[in-house]
Amino acid sequence: MIIDSSQDGAQAGLPAVAGSACRVPERGAVEAEFAGVDGTLVQRRWVEAAVAVRFEQLAPVAAFPVVPGRRRGPGWWWSATTGRHVMHGSQAMCTHLMVLDRDPQVVGLSARPVRLIWRDPDSGRARTWVPQLFARYADGRALLADCRVAWP
């Protein structure tokens with residue numbers, strides 16, 4: 001799942017949650033939760049946070065789980081772009097980090113810096129999504145991406 005700020009209708013990229021599809025929420029109905037400078041969680045409307053918050057500089061809002069019996073677990077990628085480590089939760093995500101880190105247009109990277117929250121228009125239930133990667137481009141555009149492993 002990728003949301004690129006340069007695409008029209010970026011909200012159409014919200015994923016299906018827990019295996020069930022839901023309608024796209026109304027514009028302005030999505031909230032962003034992220035860690036503030038002092039580490040406390042801050043919640044703002046997504047349309048405001050998207051233009052004002054430097055997500056590439058924030059700590060993760062959710063940890064990557066360690067799954068017993070799995071061959072690989074969370075790790076760190078040293079980013080030449082940021083000059084610091086960026087956390088990853090899988091080899092697929094590490095590969096995405098490597099590719100983004102080599103792109104000369106990318107000027108910032110972070111892992112899980114924001115939780116998007118909205119209400120399903122049909123059921124009224126709260127839904128959330130924590131994108132695995134955030135990338136900032138030199139021209140100010142941003143990219144939110146999930147790095148799913150494709151199984152045969």
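Here is what the cut-offs are and how they apply
Residues numbered from 1 in each chain as written. Predicted model: local features only at pLDDT ≥ 70, side-chain atom pairs only at ≥ 80, totals over all residues. Heavy atoms only, no water. Buried < 20%, exposed > 50% of the residue type's maximum accessible area, 1.4 Å probe, protein only. Helix = DSSP H or I, 4+ residues; strand = E, 2+ residues; numbered from the N terminus. Pairing = 2+ DSSP bridges. Core = buried A, V, L, I, M, F, W, Y, C linked by side-chain atoms within 4.5 Å. Phe/Tyr/Trp six-rings, centres within 6.5 Å; stacked < 30°, edge-to-face > 60°. Lys NZ or Arg CZ within 6 Å of the ring centre and 35° of its normal.

A large share of strand β2 (residues 31-35) lies buried, amounting to four of its five residues. Taken together, the five bridges between β2 and strand β3 (residues 41-45) define a ladder with antiparallel strand orientation. Across the sheet, Ala-35 pairs through a bridge with Leu-41, a residue of β3. Connecting the antiparallel pair β2 and β3 is a turn made up of five residues, with Gly-39 showing a positive phi of about 95°. Bridge analysis of β2 against strand β7 (residues 115-119) gives three bridges, and the strand direction is antiparallel. Note that in β7 the partner of Ala-32 across the bridge is Leu-116.

Okay, the nonpolar core next. Ranked by size, the top nonpolar core spans 18 residues in total, and within it Ala-32, Phe-34, Trp-46, Phe-55, Val-114, Leu-116 and Leu-144 carry the most contacts. Broken down by secondary-structure element, the contributors of at least two residues to this core are β2, α1 (46-52), β7 and β10 (142-145). Counting residues in hydrophobic clusters, the runner-up holds 14 residues, among them Phe-64, Val-106, Ala-111 and Ala-135.

This part is about the packing of aromatic side chains. What the rule picks out here adds up to three aromatic pairs. Plain terms: the ring middles of Phe-34 and Phe-55 are 5.7 Å apart, the flat faces sit at 90° to each other, and that makes the pair edge-to-face. Of this pair, Phe-34 sits in strand β2 while Phe-55 sits in the loop between α1 and β4 (75-79), placing them 21 residues apart in sequence. Each member of the pair, Phe-34 as well as Phe-55, carries the same accessibility label: buried. For Arg-141, the ring lying beneath its charged end belongs to Tyr-137, and the centroid distance is 4.4 Å.

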